Amino acid sequence: MSIPGPEPRPDGGEAAIARAGGLHLYQLRLHEEYGPVVRFQLPGAGTAVSIADPVLLEATVQLDERPGPLFSFLDPLFEAGNLQVLPADEHAPWRRLLLGVLAGRPSHERHFGRFTALATELADRWAALPAGGPVALQRDLTGLSLRMICGYALGGDLKDPEDVVEAFGTVLGDRLERLYRLPSDRTPEERAERTARALARLRATVDRVIAAHGPAGDGERDGRAGHGDRSDLIGALVAAGTPPARIRDTVLATMLAAHHTTGVAVSWALHLLAGHPGATARVTGELDRVLGDRAAPDYADLHRLRYLDMVLRESLRRCPPGPYGARLATRPLTVGGYRLPAGTVVFYPFWAVHLNPAHWPEPERFRPERFSPEESAGRPRLAWIPFGFGSRACEGASLAMVEAGLLLAVLLKRFRFRPEPGHRVVPVERFVLWAADDIRMLVTPRDGDRETGERP
Ligand code: HEM
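Quantities reported herein were computed from a predicted structural model and do not represent experimental measurements. (Residues numbered from 1 in each chain as written. Predicted model: local features only at pLDDT ≥ 70, side-chain atom pairs only at ≥ 80, totals over all residues. Heavy atoms only, no water.)

**Some thoughts on the overall build of the protein chain**
So, point 1. Along the backbone of the protein chain there are 16 helices and 11 strands.
So, point 2. Expected size for 456 residues packed as a compact globule is a radius of gyration near 23 Å; at 22 Å, the protein chain falls within 12% of this value.
So, point 3. Expressed along its principal axes, the backbone C-alpha trace of the protein chain runs to roughly 65 × 55 × 45 Å.
So, point 4. Taking contacts inside the protein chain between residues at least 6 apart in sequence as the whole, the part at least 24 apart equals 73%.
So, point 5. Working note: accessible area of the protein chain is about 19300 Å², and carbon and sulfur atoms make up 54% of it. (Helix = DSSP H or I, 4+ residues; strand = E, 2+ residues; numbered from the N terminus. Rg over C-alpha atoms; globule rule 2.2 N^0.38 Å. Contact = heavy atoms within 4.5 Å. Areas by Shrake-Rupley, 256 points an atom, 1.4 Å probe, with all protein chains shown as cover.)

Structure follows, in structure tokens:
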């Protein structure tokens, strides 16, 4: 039985993806038209098989390699080999080390006060804007997420987070524009020079962060990560005997993986809430009830903010910051009655899985109640996979949920968010699901809401 899908084209599938508006939208189109298992041309990877059914995905859980060519656009970021596509035997110890640093709940709790101070600093800046802004959510929240990961795992702060975010954007944007052959108003030489400058800036930042960390073994300093602290990534890498180039690569990859995803996750959540006053009233009502007059939650409060957690989960379903993933079948597989030979590129269409109507009725609708215990019961475990799954799933998932929950709590307790009139939010794929011209919103203090009885 052959797998359904569009006829192969001589251009390798580029035009079809461009016509759909990008790979994030093309995957939706493919599964609407051809069903849960689809064969299609994927630029950079030849032919791929995409699976949008969470039960069928179970057959692929053991796959533990990514297809190299698909992620080669990340090659220039790395000195000692692209970390996205490390061979499985090198990946396993690297993953264990990262999980030890990123996934420890005691470390999350210890850094919570610092996270709160950073979030409050941004909120104070927004509160001082005349007439409520507008603020550019993605820009400000990715910058903040970058500062959070630097404070958490890399032992310090950055003076210029927005510039570093921009440098990452330049390097990735250039690579993806070339991969998808997107139009550019710069000559190839101008683009190459600009990308080289941005990459040099990123490398200099990594060198500064490592130099500021100092030699391993100097204990915890000023409340920052130091040796002996389980959240000290650089210390853990040094202690494991990691070569310097791989340490620099891991620092860069951590800065990248942590900031653009968490920052856009919170931006999408605020955007979605702005269009759903009922859900906003319910989440702010919960914040008022749980926090009272306090401006921010403490770590234990996060578990009491049940509806806020549902809002975050629904936002990650509706707008997953990482819209797709991929694996390489290193042995033959059977999926939904189809034989996939060894060597098949398996495409994970995270967004199409999240919008699969068989498991998510009215999938386009933003409805946090889907994540109530009653509605969640019996749902296949891979129906919600914003952090991927299996042995290459996101090592930062639990940290990201803490950071994003805290940010939403601080911002929603304090502000009302309204879209800037006339501003269009257009999702594009830039490795993450990003809004092309940012998400611009007007922010006004909520104090008035409660006095005027808008509180539910
Ligand atoms: C809301 C925020 C986040 C989202 C939605 C997200 C999503 C993802 C996704 C979809 C993947 C690919 C998984 C797969 O292929 O199965 C991934 C990988 C990864 N993420 Fe995250 N992520 C987030 C935050 C973070 C944070 C805070 C960190 C902290 C450093 C992080 C570190 C990583 C790393 C290191 C990988 C590579 C995994 C590997 O190859 O072993 N992420 N993330």
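Read on for the rest.
**Notes on the site of the ligand**
So, point 1. Every one of the 25 residues lining the ligand counts as a neighbour, but Arg66, His91, Arg327, Cys394 and Glu395 are closest to it.
So, point 2. Take Arg66: an N or O atom from its side chain is 2.8 Å from an oxygen atom of the ligand.
So, point 3. Between the ligand and His91, the relevant distance is 2.6 Å, taken from an oxygen atom to a side-chain nitrogen or oxygen of the residue.
So, point 4. Those elements that provide at least two residues to the shell around the ligand are helix H4 (88-102) and helix H10 (244-274).
So, point 5. It is H10 that provides the largest number of residues to the shell around the ligand, a total of six residues.
So, point 6. Looking at the shell around the ligand, its residues break down into 14 nonpolar, six polar and five charged. (Near = heavy atom within 4 Å. Polar contact = N/O pair within 3.5 Å; in protein donor to acceptor, adjacent residues only side chain to side chain. Nonpolar A, V, L, I, M, F, W, Y, C, P; charged D, E, K, R; others polar.)

**Observations regarding the packing of helix H6 (residues 137-153) against H10**
Any two packed helices are characterised by the angle at which their axes cross and by the distance between the axes.
So, point 1. Axis separation between H6 and H10 bottoms out at 7 Å; the angle between their running directions is 135°. The orientation of H6 relative to H10 falls into the category oblique. Taken as a pair, H6 and H10 cross one another with a handedness that is right-handed. The residues of H10 that touch H6, namely those facing Leu137, Gln138, Leu141, Thr142, Ser145, Leu146, Ile149 and Cys150, are Thr254, Met255, Ala258, His259, His260, Thr262, Gly263, Val264, Val266, Ser267 and Leu270.
So, point 2. Residue composition of the contact of H6 with H10, by class: 10 nonpolar, nine polar and no charged. (Axes fitted to C-alpha atoms, helices over the stretch in contact; angles between N-to-C directions. Parallel < 35°, antiparallel > 145°, perpendicular 65-115°, else oblique. Left-handed = near helix turned anticlockwise from the far one by under 90°.)

**Structural notes on the pattern of salt bridges**
So, point 1. Scanning all chains against the criterion turns up 30 salt bridges.
So, point 2. A salt bridge links Arg139 to Asp140; the shortest N-O distance between them is 2.9 Å.
So, point 3. For Arg139, a relative accessible area of 45% corresponds to the partly exposed category.
So, point 4. You can call Asp140 buried: its relative accessible area is 4%.
So, point 5. Members of the salt-bridge network, linked through shared partners, are Arg114, Glu121, Arg147 and Asp157. (Salt bridge = Lys/Arg side-chain N within 4 Å of Asp/Glu carboxyl O. Buried < 20%, exposed > 50% of the residue type's maximum accessible area, 1.4 Å probe, protein only.)

**A short note on the coordination of the iron atom of the ligand**
So, point 1. Within the protein, just one atom coordinates the iron atom of the ligand: Cys394 (SG), at a distance of 2.3 Å.
So, point 2. Structurally, the position occupied by Cys394 is in the loop between helix H14 (373-376) and helix H15 (397-414). (Donors = N, O, S within 2.8 Å, 3.2 Å for Na, K, Ca; no water.)

**Describing the sheet that holds strand S11 (residues 440-445)**
So, point 1. Spatial strand order, S3-S11-S8: three strands in an open sheet with antiparallel pairing. If you trace the sheet from one side to the other, it starts and ends with strand S3 (135-136) and strand S8 (415-419), each paired once.
So, point 2. Of the strand pairs in this sheet, S8 and S11 are connected by five bridges, and their pairing is antiparallel. Bridged to Arg418 within S11 is Leu442.
So, point 3. Sitting on the sheet, H15 touches S8 and S11, and the angle it makes with S8 is about 90°. (Pairing = 2+ DSSP bridges.)

**Re the packing of aromatic side chains**
So, point 1. With the rule as written, the count across this model stands at 14 aromatic pairs.
So, point 2. Relative to Phe350, the ring of Tyr348 lies with its centre 6.2 Å away and its plane at 40°, an arrangement referred to as tilted.
So, point 3. For Tyr348, a relative accessible area of 1% corresponds to the buried category.
So, point 4. Measuring from centroid to centroid gives 6.4 Å for Trp384 and Phe387, while their planes differ by 80°, and the two rings are edge-to-face.
So, point 5. The exposure class of Trp384 is buried, given its relative accessible area of 18%.
So, point 6. Grouping aromatic residues by their ring pairs yields a cluster made of Tyr26, Phe40, Tyr324 and Phe347.
So, point 7. Arg379 extends its terminal NZ or CZ atom over the ring of Phe371, reaching a point 5.5 Å from the ring centre. (Phe/Tyr/Trp six-rings, centres within 6.5 Å; stacked < 30°, edge-to-face > 60°. Lys NZ or Arg CZ within 6 Å of the ring centre and 35° of its normal.)

**Concerning the pairing of strand S10 (residues 432-435)**
So, point 1. The pairing of strand S9 (residues 427-430) with S10 spans four bridges and is antiparallel. Bridge pairing links Glu429 to Leu433 in S10.
So, point 2. If you look at the hairpin formed by S9 and S10, you'll find one residue sitting between the two strands, and Phe431 has a positive phi there, around 75°.

**Quick look at the nonpolar core**
So, point 1. Counting residues in hydrophobic clusters, the biggest one holds 121 residues, and the most contacted among them are Leu77, Trp126, Met255 and Phe417.
So, point 2. By residue number, the principal contributor to this core is H10, which donates 15 residues.
So, point 3. Setting aside its immediate chain neighbours within four residues, Trp126 contacts Val135, Leu137, Asp140, Leu141, Leu411, Phe415, Phe417 and Val443.
So, point 4. Membership of the second largest hydrophobic core comes to 19 residues, among which are Val61, Leu333, Val353 and Leu382. (Core = buried A, V, L, I, M, F, W, Y, C linked by side-chain atoms within 4.5 Å.)

**A short note on the side chain of Asp249**
So, point 1. Topologically, Asp249 is positioned in helix H10.
So, point 2. For Asp249, which is buried and forms no salt bridge, the nearest opposite charge comes from Arg246, at a distance of 4.9 Å.
So, point 3. Non-local contacts of Asp249, meaning those with residues more than four positions away in its chain, are made with Leu77, Phe78, Glu79, Ala80, Gly81 and Leu83. (Lys, Arg positive; Asp, Glu negative; His and termini not counted.)

**Some points on the sheet that holds strand S4 (residues 325-328)**
So, point 1. Here four strands make up an open sheet; going across it, the order is S1-S2-S7-S4 and the pairing mixed. Edge strands, defined here as strands with exactly one partner in the open sheet, are strand S1 (37-42) and S4. Going from strand to strand, the sheet's axes swing by 30° on average, the running direction of each strand aside.
So, point 2. In terms of strand pairing, strand S2 (residues 46-51) meets strand S7 (residues 345-348) through three bridges, oriented parallel. Opposite Val49, over in S7, you have Val346 as the bridge partner.

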